[in-house]
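Chains, contacts and geometry: an overview
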Amino acid sequence: MQLWRRKSLWLALSASWLLILLGVFPLLRVAVPTKPQPRAPLGWPQWLDTELLQGFSQPEDLLEDDTQPSPVPHKGSCDWGTCFDTSKCRGSDFKVFVYPAAGPISEMHCRLLASLEGSRYHTSSPTEACLLLLLSSNNHARGCSMTVPLEWNGGRNHLLLHLHPAPCPWTVQLGQAIVAEANPPVNTFRPGFDVALPLLPDNHPFRGGAPGQLQRHSPHPRVALLALAQERGGWHIAGTNSSACPWAGHCEQDPGSKQTQPGTAIPNATFCLIPGRHPGALHFLQALQAGCIPVLLSPEWELPFSEVIDWTKAAIIADERLPLQVLAALQEMPPSKVLALRQQTQFLWDAYFSSVEKVIYTTLEIIQDRILGASAHPSQLWNSPPGALLALPTFSTNPSDFPFYHLQQGSHLVGRFSALIWVGALSQPPLKLIQAVAGSQYCAQVLILWSSERPPPLKWPETAVPLTVIDGHGKVSARFFPYSAISTDAVLSLDAHSSLSTSEVDFAFVVWQSFPERMVGFLTWSHFWDEARGDWGYTAEKANEFSMVHTSAAFYHRYYHTLFTHSLPKALRTLADETPTCVDVLMNFLVAAVTKLPPIKVPCRKQQQEARPLVAPGAAKPKLAPLAGRDCISQVAAGFGHMPLVSSRLRLDPVLFKDPVSVLRKKYRHLEKG
Amino acid sequence: MCASVKYNIRGPALIPRMKTKHRIYYITLFSIVLLGLIATGMFQFWPHSIESSSDWNVEKRSIRDVPVVHLPADSPVPERGDLSCRMHTCFDVYRCGFNPKNKIKVYIYALKKYVDDLGVPVGNTISREYNELLTAISDSDYYTDDISRACLFVPSIDVLNQNTLRIKETAQALAQLSRWDRGTNHLLFNMLPGGPPDYNTALDVPRDRALLAGGGFSTWTYRQGYDVSIPVYSPLSAEVNLPEKGPGLRQYFLLSSQMGLHAEYREDLEALQAKHGNSVLVLDKCTNLSEGVVSIRKRCHKHQVFDYPQVLQEATFCVVLRGARLGQAVLSDVLRAGCVPVIIADSYVLPFSEVLDWKRASVMVPEDKMSEVYSILQSTPQRQIEEMQRQARWFWEAYFQSIKAIALATLQIINDRIYPYAAISYEDWNDPPAVKWSSVSNPLFLPLIPPQSQGFTAIVLTYDRVESLFRVITEVSKVPSLSKLLVVWNNQNKNPPEESLWPKIRVPLKVVRTAENKLSNRFFPYDEIETEAVLAIDDDIIMLTSDELQFGYEVWREFPDRLVGYPGRLHLWDHEMSKWKYESEWTNEVSMVLTGAAFYHKYFNYLYTYKMPGDIKNWVDAHMNCEDIAMNFLVANITGKAVIKVTPRKKFKCPECTAIDGLSLDQTHMVERSECINKFASVFGTMPLKVVEHRADPVLYKDDFPEKLKSFPNIGSL
């Protein structure tokens, strides 16, 4: 018995061993599926009879029948094709009529009217207008009542501009009117018809506006990764090393790694988290201005100007349901992407959001683009500096025609220039100058802008390049009119009094080709803040820096002629006509406002700097010039709303300029004479 | 093995206690063990269900053998589509979870044949195109066969053409899918929606929350940011071989090739033809052709017969007019022919309009402006037409050409919504390869002059020339804008001098020791660099004056995206040898600056260390030379801009090395440097260096002006 017991026990033991060996390993294999045998994923099968399968459509499906194509039903809603009458917007003229305010006129309304009146859009007749603009009142006391104007016509071709979020629903039947309002809810927004505006603070500047606050391209290595928008306003800066999720209500965060900055109006962080539920918050614009990359969590409102602005280049629209995933993605984002997003926020802020005027013009420009169709701004013009407000589609729709996009386009400039010589009232035909300029190997043509009362001479000097005389009508601003005769990208603007040598022209042009968006000039001025007068002033005295170049001898892109004539407010152009010195200042302001960069100075021979008249020839009393000039710069600065001029401390010289080496080595040796 | 030893040890110890146990106990134990053995054996040798199913799948099967599913007449029907659906309301993003590759996982349901109670099929089992589409998804990176890990589900129920299916029954079939859950995260593909008489612009099959990739959406049915608008595939894409034709003006300015147009539209078009003569051609189906000829491939104008789609290549603009449906397969044919589509279909949501910029490839004309089409088109400049033709062809190649292209673009769009931070950019979607190649996107594109207060960090690379190093430190520390000094100690065999021996300077001085003596260490993006501006300076550059360095920094501020250096060098094409040559003679041109002393943005350190193309970085470290040329190449290539040479400085004279600065050494040096240029040019695949004829000097440099009033009076000479 004992033996049998022992035997059976041993048997049982050995059998259980077998069991373990046989059983455990396969069981393990089943129980731990984390290390499966590498096997090909089981894909969609390859059918034996693929050849026999029928196509999804038969020819008759594609042909359809001659049924009446019924208009697509649309339940009373609007889209561009059905609700906007483009027949009133003939040609390139996009005219806007602004309704006068009903009742007491608000300051905003007043300034808007004034601004539009000076712009290229303005018309004073509602019948010839393509778009009728109705500025909704922000007067809370009176409710949201709006008087329906006479020309309402069901709202057709009307734009209801609501710069501040509506405190109550629209009282007028909107009908076919385009609604432009701040942070419109996604559900009621009609894409391609309505325009989404940014939510502007009450004290947003009307014109000019604060520049972006980004001072570095790349973030400081020790700056916080995240700033969180707080519901009561302000920002909460999360620590740089916050690995815990920073969402309130989602998880708790180590209190040591954060510093609350109550009332921080401007976030100092790389990313700014903005919840999508509170359309009333101003966080989005604050982040843009600060150069803090907005991370929008499931926004329930349409992003401003989303029709044209590619927000994926400047913001991250993430799903609020995946906070940890978003955080991980932000932490791992490659520096190149962070760099690009940061810069884009600043560009967008400066181009479209920094002032009320820009917001309104952007809205109009979007509607104009819809009308223009194929000749509207290409997307690149909207989404890269200097932005669509400064790149007019009436000039060209091809980005490589503009001075800004050559690198992005991989295109090249035409290696020639047109010399445009302005002959003022008292001037003699500049025969010597024509010879010198036409002698340049890069000169394509000489254009004489004859503004003198005397008739132009019948005979001009023989030149190697064609010479054309254009009637200048005596107006100073005509200097910068986009004459169709200008056939090259580069323009060399000259006065009859200028004196340049061929060598100077050659070198300046070669330099300009490296900086086609800037002005390249010989004589410079610098602006300064006059503490005593509390105003801007400028001087032609020799200084260590400069911010303007004299257009009596300067290279620039012909596009600036178009911009000067079509985008500057009328008041400023009139100012230039009345005070001829101003035309230089104005042109410099314009180019600086577009490029945000200083002009470029190239060397010129010494005596010219001193002999140069302070005012443009044609002005009768040069002695009055300094005072007039001062007034000019302050008036122009007021017209722009800010001071765009940027100073430079360098001059570009030929590589061997004035070096103690043999003159024979030097390509531009004539530059050093005198 | 370990376990068995334990057991044996424990075994004998157990036996004495067993004595008292009952006999039945052993019998029970024995039988349990025996049963276990048998069970294990069975488990071992039983065919595994998973493996068997894979065998079943891999083997080629016939469509006719797919399992049949009977749908009871009263099985549930999903709700109609919810028009308010958006990704963050109707899409279950949790299923997609965290994914290091940022790629969604797509599951395809197995193919089944659905029949109703009477055994009548619900629709075509599967069409050729839908089979191709599912094959394409299955072959892509998105595919998963694990239903529990999938983020997106694609039913194998074919709804490409609404005409081939029964609406209610198809909806019932969808509703009984195993993970249907109101259609959440399900994607349906439909190209021909609606049917007579009213031709809805979206699929009529009730589908609840399912996403619809549809051809022919109108703005009223399209849920922006949720649905995907796709093309109507043209079967001719695969059937006809049509060689590419370059852009340019063609025989016909405007062509209409569609058959079965509504009479009113046809009248409008024919009026255009009457007005503009031979430049407009309006074609129709051929009525008098003999039987047997494929009429879909022929078009007629009066008695003239044209081959289709070849005739599209003879036209500059081609009309794509809506029929009863908004989406038309002819769009695909037109794009392929490089003909600019003139789309006349109000409220039509163009294919992939979420990502494709159709303004670049087409002209949209409102239906009521049809009579003015010709004049609208005529105002388009020639260059723009050619651009549009190229773009049209590129759209076809990338997104219309095959069912696969359509399927992958659709999934990419959905993927980009779920992983927005890894989304493909506008340029990636829209720029044709030729543009992508030639364009430069400057990483520092924002025109921004950094404030002077930021200052710069000087990085001195040194090995063991301590005395010279200390002199450099002392000199550089005199520059007003210096904010920090970083010494990169590249000598592993020797410790840097003690702290007390270093010169006392007004800014923080930090020594970084490196692990290996490599030239690239000078371009490493050290965390210690807090300023954007970096001054790389060798440990023997003592001739640069404080004014010169400060001016260099000022110049960098005006050109923060460039290399700003002192001595310039030039690359030249040697016609005899047919290769590049390095030039250090006193030339009138500059294309490189030496980084023995140069200002540049810290970001370029990151690029040099992590993004240098090819093996250049290793090559430089191995040769212990040309790191400066590599940096010049890198910066010029990514910014498309030239260097800025500052001040007259032509060479760095180091007093100690004049003795060995012999002619022969100089020549081998030049040969090596030329070799570098050729090597780098071949790695970059192009010559990125830009030649300029200017240098930067202070505004009043060598001007007749009192020296003491100049900002930078002490600019050194050559």
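Chain B goes by Exostosin-2 isoform X2 in an unreviewed UniProt entry, where it is assigned to Erinaceus europaeus. Annotation of chain B in UniProt includes, under Sequence similarities (unreviewed entry), the sentence "Belongs to the glycosyltransferase 47 family."

Looking at an unreviewed UniProt entry, one finds chain A named Exostosin-like 1, with Erinaceus europaeus as its source organism. According to UniProt, the comment filed for chain A under the heading Sequence similarities (unreviewed entry) is "Belongs to the glycosyltransferase 47 family." Of the comments in the UniProt record for chain A, the one headed Pathway (unreviewed entry) reads "Protein modification; protein glycosylation."

1. Focus on the nonpolar core
Among the nonpolar cores identified, the biggest contains 131 residues, and Phe417 of chain A together with Phe680 of chain B are the most heavily contacted of them. Discounting residues that sit within four places of it in the chain, Phe680 of chain B has contacts with Ile616, Trp619, Val620, Cys626, Ile629, Ala630 and Phe633 of chain B. Counting 104 residues, the second-largest nonpolar core is a separate cluster that includes Phe271 of chain A together with Ile126, Ala213 and Ile414 of chain B.

2. Let's talk about helix α14 (residues 570-578) of chain A
All names here are of chain A. Listed in full, the buried residues belonging to α14 are Leu572, Leu575 and Ala576. Along α14, the residues classed as buried sweep out an arc of 100° about the axis, all on the same side. Summarising the geometry of α14, the exposed residues directed more than 90 degrees from the buried face are Lys570, Ala571 and Glu578.

3. A word on the pattern of salt bridges
The full count for this structure, using the stated rule, is 51 salt bridges over all chains. The partner of Asp659 of chain A in a salt bridge is Lys650 of chain B, and the shortest N-O contact between them spans 2.7 Å. Here Asp659 of chain A, found in the segment after β22 (650-654), pairs with Lys650 of chain B, found in the loop between β24 (644-645) and α20 (663-684), and the two come from separate chains. By relative accessible area, which is 4% here, Asp659 of chain A ends up buried. You can call Lys650 of chain B buried: its relative accessible area is 8%. Lys667 of chain A is paired through a salt bridge with Glu693 of chain B; the nearest N and O atoms lie 2.7 Å apart. Of this pair, Lys667 of chain A sits in the segment after β22 while Glu693 of chain B is found in the loop between α20 and β25 (694-698), placing the two residues in two different chains. A single network of salt bridges, built from pairs that share partners, joins Lys542, Arg651 and Asp653 of chain A together with Asp703 of chain B.

4. A closer look at empty space enclosed by the protein
Residues and elements named next belong to chain B. Summed over all chains, the structure comprises ten cavities of 30 Å³ or more. Its boundaries defined by the atoms lining it, the largest cavity holds a volume of some 120 Å³. Lining the largest cavity, in full, are Lys112, Lys113, Tyr114, Val122, Gly123, Asn124, Thr125, Ile157, Asp158, Leu165, Thr170 and Ala173. Residue assignment for the lining of the largest cavity shows that the elements contributing at least two residues are β3 (113-115) and α6 (167-175). Taken together, the residues of the lining of the largest cavity break down into five nonpolar, four polar and three charged.

5. Describing the domain arrangement of chain A
Entries for chain A in the domain assignment read domain 1 (80-138 + 152-197) and domain 2 (417-605 + 627-640). Taking only C-alpha atoms into account, the centre of domain 1 of chain A sits 38 Å from that of domain 2 of chain A.

6. Remarks on the state of the cysteines
All names here are of chain B. This model, assessed by the stated rule, comprises eight disulfides over all chains. A sulfur-sulfur separation of 1.9 Å characterises the disulfide bridge that pairs Cys286 with Cys300. Across the disulfide from Cys286 to Cys300, rotation about the S-S bond amounts to roughly 105°, and the bridge is consequently right-handed. Residue Cys286 is found in the loop between β9 (280-282) and β10 (298-301), and its partner Cys300 is found in strand β10; the two are separated by 14 residues along the sequence. The pair Cys286 / Cys300 is uniform in exposure class, with both members buried.

7. Details of the packing of aromatic side chains
Using the criterion set out here, one finds 64 aromatic pairs over all chains in the structure. A centroid spacing of 5.3 Å and a plane angle of 85° characterise the contact between Phe97 of chain A and Tyr99 of chain A, whose relative ring orientation is edge-to-face. Since its relative accessible area comes to 7%, Tyr99 of chain A is described here as buried. Of the aromatic side chains, those joined through ring pairs into one cluster are Phe284, Trp301, Phe305, Trp311, Phe347, Tyr352, Phe353 and Trp382 of chain A. The side chain of Lys103 of chain B reaches across the aromatic face of Tyr142 of chain B, ending 5.0 Å from its centre. Taking NZ or CZ as reference, Arg299 of chain B lies 3.9 Å from the ring centre of Tyr308 of chain B, over its face.

8. Here we look at the interface of chain B and chain A
Many authors give the size of an interface as the accessible area that is lost as the parts come together. Between chain B and chain A, the residue contacts involve 158 residues of the former and 147 residues of the latter. Interface of chain B and chain A: buried area, both sides summed, is about 13,300 Å²; carbon and sulfur atoms make up 59% of it. Among the residues chain B hides against chain A, the three largest losses belong to Trp220, Tyr421 and Val699 of chain B. Together they make up 7% of the total. Applying the counting rule to chain B against chain A returns eleven salt bridges. The shortest N-O distance in the salt bridge between Arg649 of chain A and Glu554 of chain B comes to 3.4 Å. Where chain B meets chain A, there are 51 residue pairs in polar contact (both at pLDDT 80 or more). Looking at the side of chain B that touches chain A residue by residue, the classes come out as 76 nonpolar, 41 polar and 41 charged.

9. Notes on the environment of Ala458 of chain B
Residues and elements named next belong to chain B. Looking at where Ala458 falls in the secondary structure, it is placed in strand β15 (residues 456-462). Exposure remark for Ala458: the relative accessible area of 0% places this residue in the buried category. When the C-alpha positions of Ala458 and Ala642 are compared, they lie 22 Å apart, and in sequence the two are 184 residues distant.

10. As for the sheet that holds strand β13 (residues 443-450) of chain A
Residue and element names in this part refer to chain A. The sheet built from seven strands is open, its strands ordered β14-β13-β12-β15-β20-β16-β21 with mixed pairing. A strand with exactly one partner marks an edge of an open sheet, and here the two such strands are β14 (467-471) and β21 (600-601). Judged from the two bridges that link them, strand β16 (residues 520-521) and strand β20 (residues 553-557) form a sheet pairing that is antiparallel. Within β20, the position partnered with Val520 by the bridge is Phe555. Seen against the sheet, helix α12 (residues 502-514) touches β12 (417-423), β15 (490-495), β16, β20 and β21 and runs at an angle of roughly 30° to β20. Its contacts with the sheet put helix α13 (residues 559-567) on β12, β15 and β20, and the angle it makes with β20 is roughly 90°.

11. Quick notes on the confidence of the model for chain A
All names here are of chain A. Considering every residue of chain A, the mean pLDDT works out to 82; 81% of them sit at 70 or more. Note that residues 32-38 has pLDDT below 50 and, in this model, zero contacts with residues that lie over four places away or in other chains. In this model, residues 240-263 is a region of pLDDT below 50 whose contacts with residues beyond four sequence positions or in other chains number 38 contacts.

12. Some details on the side chain of Gln328 of chain B
Residues and elements named next belong to chain B. Note on placement: Gln328 falls in the loop between β12 (315-321) and α9 (330-336). On the basis of relative accessibility, which here comes to 10%, the residue Gln328 falls in the buried class. Of the polar contacts made by the side chain of Gln328, one reaches the backbone oxygen of Arg325; its length is 3.0 Å.

13. Describing the packing of α13 of chain A against helix α15 (residues 582-595) of chain A
All names here are of chain A. Two elements in contact, α13 and α15, have axes separated by 11 Å at closest approach and are oriented at 105°. Taken together, the axes of α13 and α15 are roughly perpendicular relative to one another. Contact residues: Tyr560, Leu563, Phe564 and Ser567 in α13; Val583, Leu586, Met587, Leu590, Val591, Val594 and Thr595 in α15. Per-class residue counts for the contact of α13 with α15 are nine nonpolar, two polar and no charged.

Parameters and conventions
- Residues numbered from 1 in each chain as written.
- Chains lettered and ligands numbered in written order.
- Predicted model: local features only at pLDDT ≥ 70, side-chain atom pairs only at ≥ 80, totals over all residues.
- Heavy atoms only, no water.
- UniProt positions renumbered as here; feature names shortened; annotations may be inferred.
- Core = buried A, V, L, I, M, F, W, Y, C linked by side-chain atoms within 4.5 Å.
- Buried < 20%, exposed > 50% of the residue type's maximum accessible area, 1.4 Å probe, protein only.
- Contact = heavy atoms within 4.5 Å.
- Helix = DSSP H or I, 4+ residues; strand = E, 2+ residues; numbered from the N terminus.
- Arc of directions from axis to C-beta.
- Salt bridge = Lys/Arg side-chain N within 4 Å of Asp/Glu carboxyl O.
- 1 Å grid on protein atoms, 1.4 Å probe; cavity = no way out; pocket = protein on both sides within 12 Å on 5 of 7 lines; lining within 4 Å.
- Points joined across faces, edges and corners; volume = space filled by probe spheres on them.
- Nonpolar A, V, L, I, M, F, W, Y, C, P; charged D, E, K, R; others polar.
- Domains from an automatic or database assignment.
- Disulfide = S-S within 2.5 Å.
- Phe/Tyr/Trp six-rings, centres within 6.5 Å; stacked < 30°, edge-to-face > 60°.
- Lys NZ or Arg CZ within 6 Å of the ring centre and 35° of its normal.
- Buried area = accessible area lost by both parts, 1.4 Å probe.
- Polar contact = N/O pair within 3.5 Å; in protein donor to acceptor, adjacent residues only side chain to side chain.
- Pairing = 2+ DSSP bridges.
- Axes fitted to C-alpha atoms, helices over the stretch in contact; angles between N-to-C directions.
- pLDDT = per-residue confidence, 0-100.
- Parallel < 35°, antiparallel > 145°, perpendicular 65-115°, else oblique.

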